Number of protein chains: 2
Amino acid sequence: MALKTLSAKAAAALDKELMSTGAFSIDQLMELAGLSVSQAVYRVHPTTKGRRILVAVGPGNNGGDGLVAARHLRHYGYLPAVYYPKRPKNDLYQRLAKQLEDLDVPFVDDFASALKLTDHVVDAIFGFSFSGEVREPFPAVIQAMTDTQVPVTSVDAPSSWSIEDGPPKSGVGSSFNPDVLVSLTAPKPLVKHFKGRHFIGGRFVTPTIAKKYDFDLPEYEGIDQVVEVGPDGQKL
Amino acid sequence: MALKTLSAKAAAALDKELMSTGAFSIDQLMELAGLSVSQAVYRVHPTTKGRRILVAVGPGNNGGDGLVAARHLRHYGYLPAVYYPKRPKNDLYQRLAKQLEDLDVPFVDDFASALKLTDHVVDAIFGFSFSGEVREPFPAVIQAMTDTQVPVTSVDAPSSWSIEDGPPKSGVGSSFNPDVLVSLTAPKPLVKHFKGRHFIGGRFVTPTIAKKYDFDLPEYEGIDQVVEVGPDGQKL
């Protein structure tokens, strides 16, 4: 059975629907998305493997998910550091950053230096709305995540990958293959190029929405906000 | 060691501080509070004990926590039903109710009848801002929760209890002693009158806030959003 995926266009429509007829606020959805990411990190990288987590945060909603994940990871006992070079004036992102400052989570300016002092990286730079070119200062960050031996968990998409077609044919990101991917709500078509451990998160989708967008709700277990799946989308 | 508690006045100030200098939105806090409640219910009453959960929802924030908990419980595989007789026009509560309607969660009008068809009750009627008299239609609901053999989990406070002094000396609520209590952020003084299983939830409080309000952060485990504590507040 092939894994059903959600195109970039469908993912955008689904997000819009959740926040209109679905009556969710972006605060709610981002909280649950970031919580999913934090639980996946805990699963693949328990605190016993090292508490230092470097979270690379992009300028949009994918970055917001990363900020929420960093907060939950701090509460779990990790020591996250956040690289957040492009901060939009958006009120929500500013509040999420303030919540981290209040937990004494450091914000770092130099990704390459911070990478030498971490046990795990969360890539929350670009999500399903990414297309085109990787803008500064992110090409060097993606190259560093490609070259590092430290495990990398990507949120929704490996940053720089085309949502439909996967890694770029050449240049930055063409050799980037993170260790872990957390697909939010449903996997995107790029997953067929992904070789690592794959989780699905975002336990707020209704059966009606899943049916409308033609994907299967993952088989979450118990109270988990995340489920690990195989290449066919079945629970591992 | 005596358990440190948070007075009604201090709890209100803490809430206000989280949403001002703490930069949290009420959507975020309510999502995490309701998630805590759902995890406590799962702990004391796994789906194998019966999937039917009746959630009694009051007109304020305690009720909002109940609506969020009902949604998570539905996602966990329970079959919640919601009794919500006083619906304020507040946009957030309306959205939380819509999210339940989209999951086909039934709203029931007759609490006593619904109580005969449930395996567990969540009491989300009144929280730390309650004082004075129990208004209609809730006296009969609290009496029914007092008389039933079905286990009851109260959110933040057994409804009708004084936050400082516990159960009323006479009348409705004077014999109400729920099986489970989920204290949000910190226990309130009423806990010294409570005899059941006690959980603390709301894993978003910073060490600075806990210090300022003079209570101890509970020792949550792993990714849990809730922790069971003994009479002294220590993890069980």
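Residues numbered from 1 in each chain as written. Chains lettered and ligands numbered in written order. Predicted model: local features only at pLDDT ≥ 70, side-chain atom pairs only at ≥ 80, totals over all residues. Heavy atoms only, no water.

A. Spotlight on the sheet that holds strand β8 (residues 226-229) of chain B. Residues and elements named next belong to chain B. A sheet is described by the order of its strands in space; here 8 strands give the open sequence β3-β2-β1-β4-β5-β6-β7-β8, paired in mixed fashion. Edge positions in the sheet fall to β3 (107-108) and β8, since each of these pairs with one other strand and no more. Strand direction decides the pairing type here: strand β4 (residues 120-124) and strand β5 (residues 152-155), joined by 3 bridges, are parallel. Residue pairing in the sheet places Asp-123 in a bridge with Ser-154 of β5. (Pairing = 2+ DSSP bridges. Helix = DSSP H or I, 4+ residues; strand = E, 2+ residues; numbered from the N terminus.)

B. Structural detail: the side chain of Arg-71 of chain B. If you trace the backbone, Arg-71 of chain B turns up in helix α3 (residues 61-76). Not counting chain neighbours up to four residues away, the residues in contact with Arg-71 of chain B comprise Phe-24, Gln-28 and Leu-32 of chain A together with Glu-31, Leu-96, Gln-99, Leu-100 and Leu-103 of chain B. (Contact = heavy atoms within 4.5 Å.)

C. Broad picture of unusual backbone geometry. Residues and elements named next belong to chain A. The amide bond that connects Glu-136 to the next residue, Pro-137, takes the cis arrangement and shows omega of 5 degrees. For Pro-137, the location among the structural elements is in the loop between β4 (120-124) and α6 (138-147). Unlike most non-glycine residues, Thr-185 shows phi in positive territory, near 65 degrees. Checked against the element boundaries, Thr-185 lands in the loop between β6 (180-184) and β7 (197-201). On the basis of relative accessible area, Thr-185 is assigned to the buried category, the value being 9%. (Buried < 20%, exposed > 50% of the residue type's maximum accessible area, 1.4 Å probe, protein only.)

D. Spotlight on the confidence of the model for chain A. Considering every residue of chain A, the mean pLDDT works out to 96; 99% of them sit at 70 or more. Across the interfaces of the predicted complex, the ipTM metric reaches 0.97, alongside a pTM of 0.98. (pLDDT = per-residue confidence, 0-100.)

E. Structural context of the packing of helix α2 (residues 26-44) of chain B against helix α4 (residues 91-101) of chain B. All names here are of chain B. Running from amino to carboxyl end, α2 crosses α4 at an angle of 45 degrees, the nearest separation of the two axes being 11 Å. Taken together, the axes of α2 and α4 lie oblique to each other. Helix-helix and strand crossings are classified by hand; for α2 and α4 the assignment is right-handed. Residues Ile-26, Asp-27 and Met-30 of α2 form the contact with α4, whose own contacting residues are Leu-92, Tyr-93, Arg-95 and Leu-96. Partitioning the contact of α2 with α4 into residue classes produces 5 nonpolar, no polar and 2 charged. (Axes fitted to C-alpha atoms, helices over the stretch in contact; angles between N-to-C directions. Parallel < 35°, antiparallel > 145°, perpendicular 65-115°, else oblique. Left-handed = near helix turned anticlockwise from the far one by under 90°. Nonpolar A, V, L, I, M, F, W, Y, C, P; charged D, E, K, R; others polar.)

F. Region of the structure containing the interface of chain A and chain B. Tallying the contact residues gives 31 residues for chain A and 31 residues for chain B. When chain A packs against chain B, close to 2800 Å² is buried across both sides, 59% of that on carbon and sulfur atoms. Its largest share of buried area at the contact with chain B, chain A owes to Gln-28, His-75 and Ile-223 of chain A, together 21% of the area lost on that side. At the boundary of chain A with chain B, the tally comes to 0 salt bridges. Scanning the region where chain A abuts chain B turns up 14 residue pairs in polar contact (both at pLDDT 80 or more). The biggest single contributor to the side of chain A that touches chain B is helix α2 (residues 26-44) of chain A, with 7 residues. Residue composition of the side of chain A that touches chain B, grouped by class: 12 nonpolar, 12 polar and 7 charged. (Buried area = accessible area lost by both parts, 1.4 Å probe. Salt bridge = Lys/Arg side-chain N within 4 Å of Asp/Glu carboxyl O. Polar contact = N/O pair within 3.5 Å; in protein donor to acceptor, adjacent residues only side chain to side chain.)

G. Expanded view of the environment of Pro-59 of chain B. In this fold, Pro-59 of chain B is placed in the loop between β1 (52-57) and α3. The contact partners of Pro-59 of chain B, leaving out residues within four places of it in the chain, are Lys-86, Pro-88, Tyr-93, Ile-125, Phe-126 and Phe-138 of chain B.

H. Inspection of the sheet that holds strand β5 (residues 152-155) of chain A at higher detail. Read across the sheet, 8 strands follow the order β3-β2-β1-β4-β5-β6-β7-β8 (chain A) without closing on themselves; strand pairing throughout is mixed. What marks the edges here is a single partner per strand, and that holds for β3 (107-108) and β8 (226-229) of chain A.

I. How the structure looks around the pairing of strand β2 (residues 79-83) of chain A. All names here are of chain A. For β2, the buried fraction is high: 4 of the 5 residues fall into the buried class. In terms of handedness, the path from strand β1 (residues 52-57) via helix α3 (residues 61-76) over to β2 forms a crossover that is right-handed. Note that β2 and β3 share 2 bridges and pair parallel. Counterpart to Val-82 in the pairing with β3 is Phe-107. This β-α-β element, β2 to helix α4 (residues 91-101) to β3, shows right-handed connectivity. (Right-handed = clockwise from strand over helix to strand, strands pointing away.)

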